[in-house]
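# Summary of structural features
What follows is the residue order along each chain.
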Amino acid sequence: MAILSGRKIKKVYGKKSTAQEVLKGINMEVQEGEFVGIMGPSGSGKTTLLNVLASIDKTTEGIIEISGNNLSKMKERELSNFRREQLGFIFQDYNLLDTLTVKENIFLPLSISKVPKKEAEERFMELTKTLGIEDIINKYPNEISGGEKQRTSAARALISNPSIVFADEPTGALDSKAATALLSNLEKINHHKKVTIVMVTHDAVAASFCSRVLFLKDGQLYTELYKGEKDRTQFFQEIMNIQGVLGGDGYDA
């Protein structure tokens, strides 16, 4: 069952002579429970695509539906409520509040929700244990490592039980050990909790944790790879092969 559907997605910046068409009529679907990566050279439109799918930005043309809800038909307040209740976000720069503890940052999305306190605590305990941050819940962001910050950000994205989690280069600021720990945890949560994840990355290692990878080129869907029964090493090599075709040196931005 498709939880996210995009049809003829276009995004144009500027007007007339200065217009730049970044997305050129993309059609795509994400099935419930998938872990989908989005890759492409710098300027291919991958971050723009994530932003419009996540309702952070609006399409110029096209239709995006999440759980049967047409985002383009929602008014701003309705869209804001939908984003808060149905979507989770993990950003490269963590977006944690320095004046709040790890626990307070994680609970932030539930501050105006109607989730019972006992249920919220149970979610919190399970997530922090799964992500390996149960020992730092009373610390502040400036007292923890980058990897711990990103796992805190992941817990915050997941605590509201969103329909989809959108991740924008979540390992971009992490060393390889911290990145692997985060991705292993996201893969585990995806498998066991059937949480749908859509992740933009330039890193083939990160993408190898996904169940499917979409490749963009010049604002269009170029191709896609399914992991299937392959192990991560085999899938990584296939991803690298596509990067080589597209121009691997353009993946650094």
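Just so you know, these numbers come straight off a predicted model, no measurement behind them.

## Description of the packing of aromatic side chains
A full pass over the atoms with the stated rule returns three aromatic pairs. A centroid spacing of 6.2 Å and a plane angle of 25° characterise the contact between Phe89 and Phe166, whose relative ring orientation is stacked. In this pair, Phe89 sits in strand S6 (residues 87-91) while Phe166 sits in strand S7 (residues 164-168), placing the two residues 77 residues apart along the sequence. Residue classification places Phe89 among the buried positions, given a relative accessible area of 15%.

## Here we look at the side chain of Glu169
On the secondary structure map, Glu169 appears in the loop between S7 and helix H6 (176-193). Buried Glu169, no salt bridge; nearest opposite-charge side chain is Lys46, N-O distance 5.1 Å. At 3.0 Å, the side chain of Glu169 and the side chain of His202 are in polar contact. For Glu169, the residues in contact, after removing those within four places along its chain, are Lys46, Gln92, Val200, Thr201 and His202.

## A look at the pairing of S6
Within S6, four of the five residues are buried, leaving the element largely enclosed by the surrounding structure. Judged from the five bridges that link them, S6 and S7 form a sheet pairing that is parallel. When the sheet's bridge partners are listed, Gly88 is paired in S7 with Val165.

## A few points about the confidence of the model for the chain
Caution applies to low-pLDDT parts of the model: their predicted coordinates are not meant to be read in detail. Per-residue confidence for the chain gives a mean pLDDT of 93, with 98% of residues at or over 70. Within the model, the stretch residues 249-253 combines pLDDT values under 50 with eleven contacts to residues more than four positions away or in other chains.

## Here's the deal with helix H5 (residues 146-158)
For H5, with 13 residues, the first-to-last C-alpha span of 18 Å sits near the 18 Å given by 1.5 Å per residue. Counting buried positions along H5 gives ten out of 13 residues, so the element sits mostly inside the fold. Looking only at H5, the buried set comprises Gly147, Gln150, Arg151, Thr152, Ser153, Ala154, Ala155, Arg156, Ala157 and Leu158.

## Here we look at the pattern of salt bridges
For the structure on display, the rule yields eleven salt bridges. For Glu76, the salt bridge goes to Lys58, with nearest N and O atoms at 3.9 Å. With Glu76 in helix H2 (residues 76-86) and Lys58 in the loop between helix H1 (46-53) and strand S4 (61-66), this pair connects stretches of sequence that are 18 residues apart. Given the relative accessible area of 49%, Glu76 is considered partly exposed. Between Arg123 and Glu119 there is a salt bridge, with its nearest N and O atoms 2.6 Å apart. Of this pair, Arg123 and Glu119 both sit in helix H4 (residues 117-130), four residues apart, which is roughly one turn of that helix. Arg123 sits in the buried class, given a relative accessible area of 14%. Accessibility expressed as a relative area gives 32% for Glu119, which makes it partly exposed.

What counts, and where the lines are drawn
Residues numbered from 1 in each chain as written. Predicted model: local features only at pLDDT ≥ 70, side-chain atom pairs only at ≥ 80, totals over all residues. Heavy atoms only, no water. Phe/Tyr/Trp six-rings, centres within 6.5 Å; stacked < 30°, edge-to-face > 60°. Helix = DSSP H or I, 4+ residues; strand = E, 2+ residues; numbered from the N terminus. Buried < 20%, exposed > 50% of the residue type's maximum accessible area, 1.4 Å probe, protein only. Lys, Arg positive; Asp, Glu negative; His and termini not counted. Salt bridge = Lys/Arg side-chain N within 4 Å of Asp/Glu carboxyl O. Polar contact = N/O pair within 3.5 Å; in protein donor to acceptor, adjacent residues only side chain to side chain. Contact = heavy atoms within 4.5 Å. Pairing = 2+ DSSP bridges. pLDDT = per-residue confidence, 0-100. Expected span 1.5 Å × (residues − 1).

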